[in-house]
Amino acid sequence: MANPVKFDRSEVVEKASQLFWKKGFNATSTRDIQQAVDMRPGSIYATFGSKKGLYAEALRCYVDTVAGQLNHCLAESDSVLDGLEHFVRKILIEERDDQACEVCMLVKANAEFTSDDPELMALSRTLLADFEQHLSEVFSQAQAGGELPKRLKPIDYARNFQIHFTGLRSYIKRSDDNALTETLIKQMFNMIKLL
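A brief report on the enclosed structure follows. Every value quoted in this text rests on a predicted model; they were computed, and no experiment measured them.

Conventions used here
Residues numbered from 1 in each chain as written. Predicted model: local features only at pLDDT ≥ 70, side-chain atom pairs only at ≥ 80, totals over all residues. Heavy atoms only, no water. Axes fitted to C-alpha atoms, helices over the stretch in contact; angles between N-to-C directions. Helix = DSSP H or I, 4+ residues; strand = E, 2+ residues; numbered from the N terminus. Left-handed = near helix turned anticlockwise from the far one by under 90°. Contact = heavy atoms within 4.5 Å. Nonpolar A, V, L, I, M, F, W, Y, C, P; charged D, E, K, R; others polar. Buried < 20%, exposed > 50% of the residue type's maximum accessible area, 1.4 Å probe, protein only. Arc of directions from axis to C-beta. Polar contact = N/O pair within 3.5 Å; in protein donor to acceptor, adjacent residues only side chain to side chain. Parallel < 35°, antiparallel > 145°, perpendicular 65-115°, else oblique. Expected span 1.5 Å × (residues − 1). Phe/Tyr/Trp six-rings, centres within 6.5 Å; stacked < 30°, edge-to-face > 60°. Core = buried A, V, L, I, M, F, W, Y, C linked by side-chain atoms within 4.5 Å.

Okay, the packing of helix α7 (residues 118-144) against helix α8 (residues 154-171) next. Their axes nearest at 7 Å, the elements α7 and α8 cross at an angle of 115 degrees. Along this stretch, α7 crosses α8, giving a crossing that reads as right-handed. Two secondary-structure elements touch here, α7 through L128, E132, L135, S136, F139, S140 and Q143 and α8 through P154, I155, Y157, A158, R159, F161 and Q162. Tallied by class, residues from the contact of α7 with α8 come to eight nonpolar, four polar and two charged.

Now for helix α2 (residues 30-37). Along an α-helix, residues three or four positions apart point the same way, because every turn accommodates 3.6 residues. Buried residues of α2: D32, I33 and V37, and no others. One side of α2 carries all its buried residues, which in axial view fall inside an arc of 110 degrees. For α2, the exposed residues lying more than 90 degrees away from the buried face are R31 and Q35. Trailing α2 by a residue or two, D38 shows a phi angle of about 55 degrees, which is positive.

Along the polypeptide, R96 turns up in the loop between α5 (80-94) and α6 (105-112). Taking the relative accessible area as the measure of exposure, R96 reaches 16% and is therefore buried. In terms of polar contacts, R96 uses its side chain to reach the backbone carbonyl oxygen of I172, at 2.5 Å. The contacts of R96, once residues within four sequence positions are left out, are K90, I91, I172, K173, S175, D176 and N178.

Let us now look at the packing of α5 against helix α9 (residues 178-194). At a minimum axis distance of 11 Å, the contact between α5 and α9 shows a crossing angle of 150 degrees. Regarding the angle of α5 to α9, the classification is roughly antiparallel. For the crossing formed where α5 meets α9, the hand is right-handed. Residues L81, L84, E85, V88, R89, L92 and I93 of α5 form the contact with α9, whose own contacting residues are N178, T181, E182, I185, K186, M188, F189 and K193. Tallied by class, the residues present in the contact of α5 with α9 amount to eight nonpolar, two polar and five charged.

Attention shifts here to helix α4 (residues 51-76). The terminal C-alpha atoms of α4 lie 37 Å apart, and with 26 residues this matches the ideal 38 Å at 1.5 Å per residue to within 8%. Its side-chain oxygen placed 3.3 Å from the backbone nitrogen of K52, S50 serves as the N-cap of α4.

Within the secondary structure, T28 sits in the loop between α1 (9-23) and α2. Residue T28 is classed as buried on the basis of its relative accessible area, which comes to 1%. Ignoring sequence-local partners within four residues, the contact set of T28 consists of L19, F20, K23, I33 and K51.

Note that H86 resides in helix α5. Setting aside anything within four residues of it in sequence, one finds H86 in contact with C73, E76, S77 and E94.

The subject of this paragraph is the packing of aromatic side chains. For the coordinates displayed, the defined rule picks out 11 aromatic pairs. Between the aromatic rings of Y55 and F113, the centroid separation amounts to 5.5 Å while the plane-to-plane angle is 75 degrees, which identifies the pairing as edge-to-face. With a gap of 58 residues between them, Y55 in helix α4 and F113 in the loop between α6 and α7 connect regions that are remote in the sequence. Considered together, Y55 and F113 belong to a single accessibility category, that of buried residues. Taken together, F87, F139, Y157, F161, F165 and F189 form an aromatic cluster joined through their ring pairs.

Another aspect to go through is the nonpolar core. The biggest cluster of nonpolar side chains holds 60 residues, and the ones touching the most others in it are L84 and F161. Discounting chain neighbours no more than four positions away, the residues touching F161 are L84, F87, V88, L135, F139, M188, F189 and I192.

So this is what it looks like as structure tokens:
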């Protein structure tokens, strides 16, 4: 008779996601994982196959969480651009202290992996491309609703948004000035409207 599972898989993945986001894949040891998720190494490997397997699930969990936050902000807002701005404000101001790291885990993953680790490099690039496509669909809705001109393709707006958001997220890491952050968010969206 098999032993019953004594842990919540989604809870383990969430805890691992926070750890990997904070430390990165390479700097996270098996002991770090064991302490964070309160599981023995044998159980971790039996469940996820390897550290890479757990990391891959954790990275997907992170992306699903961010996409869920974006969709929630869009659903709560009167317009697409208001929803996007609400999302940026939520990440950069409202939830700033709750985040494991100031830098997006997906961006961090993309920077961490090289051709030495083709599986995780490919995963991070695929997830970035998928999220960019999701943003492109959001900007297509903004164009269809007359919030943005159709001079650019939706994918161009999505790329511009990502560049500004990633840069802004990195820039404000050095400051706790929420008034400045609010101003920079407003400037970001003013620039997007002028594209």
